[in-house]
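The chain contents come next:
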Amino acid sequence: MNTHKMQTVENTGDGITAKEEGLSRKDVDYTEYRQLWALATSRKLLTKFPLHLDIELTNACNLRCKMCWQNSFLTYPKGVMDFELFKKVIDEGVPKGLRAIKLQSRGESMMYPNIVEAIEYAKTMGVLDIQLTTNSTYLTEQMCGRMIKSGLDMLIFSLDVGHKESFEQIYPLKSYETIIENIMNFLNIKKAGGHLHPYTRLQVLRFNGQIHPFVQKQIKRLEPYVNKVVENNLFQLVDDGPLDLEKFDLLPCSYLWQRMVINYDGKVTMCCRDYNCEHVMGDINTDSIEEVWNGDKYLNYRTLHESLARQNIRACANCEMYAKPKLQQL
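So, how was this worked out
Residues numbered from 1 in each chain as written. Predicted model: local features only at pLDDT ≥ 70, side-chain atom pairs only at ≥ 80, totals over all residues. Heavy atoms only, no water. Helix = DSSP H or I, 4+ residues; strand = E, 2+ residues; numbered from the N terminus. Buried < 20%, exposed > 50% of the residue type's maximum accessible area, 1.4 Å probe, protein only. Contact = heavy atoms within 4.5 Å. Salt bridge = Lys/Arg side-chain N within 4 Å of Asp/Glu carboxyl O. Patch = residues over 30% accessible without salt bridge, like charges linked within 9 Å, V, L, I, M, F, W, Y side chains within 5 Å. Areas by Shrake-Rupley, 256 points an atom, 1.4 Å probe, with all protein chains shown as cover.

### What to know about the overall build of the protein chain
No. 1: What the protein chain contains, in helices and strands, is 12 helices and 13 strands.
No. 2: For the protein chain, with 330 residues in total, the buried portion stands at 52%.
No. 3: In the protein chain, of all internal contacts separated by at least 6 residues, the share reaching a separation of at least 24 is 74%.

### Overview of the pattern of salt bridges
No. 1: Per the counting criterion, the structure on display carries 15 salt bridges.
No. 2: Salt-bridge contacts for Arg273 lead to Glu320; the nearest nitrogen and oxygen are separated by 3.2 Å. Residue Arg273 is found in the loop between β11 (267-269) and β12 (282-283), and its partner Glu320 is found in the loop between α12 (314-317) and β13 (323-325); the two are separated by 47 residues along the sequence.
No. 3: For Arg273, a relative accessible area of 11% translates into the label buried.
No. 4: Among the charged side chains, a salt-bridge network with shared partners connects Glu92, Lys96 and Glu290.

### Considering the side chain of Ser254
No. 1: Turning to its location among the elements, Ser254 is positioned in the loop between β9 (248-250) and α9 (255-258).
No. 2: Once residues within four sequence positions are removed from consideration, Ser254 is found in contact with Ala40, Thr41 and Tyr322.

### Some points on a nonpolar patch on the surface
No. 1: The grouping of Leu251, Leu308 and Tyr322 at the surface amounts to a nonpolar patch, some 250 Å² of accessible area in total.
No. 2: Secondary-structure assignment places Leu308 in the loop between α11 (296-306) and α12.
No. 3: With a relative accessible area of 48%, Leu308 lands in the partly exposed category.

See below:
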């Protein structure tokens, strides 16, 4: 596909009418959003503004899990997003077609002082889908109630043996069982209040294709109470080195058509795999999000992906996403 000739559309939300479908305006907007998302995923369409933003409220984390860049690879300065900058992102995005945000990238977003206010502001301004991933260490009873009432659409509990090991090393007088109890408490409060939202997901990692016995035990405890359990393979870190091109074909990644990351300081990157911001696409302190999304850097990187030359981008050369194993000759 020629990126220069790709169809572009404005995300106006006018593709389906509520009268035709018998749906609420919110249902119509969400349905169209998912239709646009599917087209962007297949790279058949490039919207003039990203459908989704990963907004990093902080890159700090209270854990140092062995499989995570927080352990030793993250050298980028730590910080938190100014709340006025967050509001600037939302204020620009919603009128231009922003449909979804995930309030997390490299850090633990519940450490952000204004986390609930950020969710409430985004929902009030019209963001359809607001997601948050957490290690659940800050999920106190008070926070549970505030999160449930905030307008959050999805809460993802990230749980694995690396979290347990790091938590009990950093907090030697505490047991990781308290974190499991945090999750159960949230689920019980949500159920007792008859709340449908946020949708809850338990996210775990497979190491070498296997789920650790400790994690398997927690899945059995929590699966009856969460909406969904997702098992992901352990991702490759950029610093692990490039994939072997004799073994893999590096196919285009849909992230460049779907979403972007806005880091806490306003720097824009393609995705969270670029955890040290080696490929800065722009800075929303000086440029609009729309200008960055349609700028020369994004155009160049999309072209490299479409021409199967993404190995020329370090973060993409070292990423297993959309890497297809080659058939081996007998």
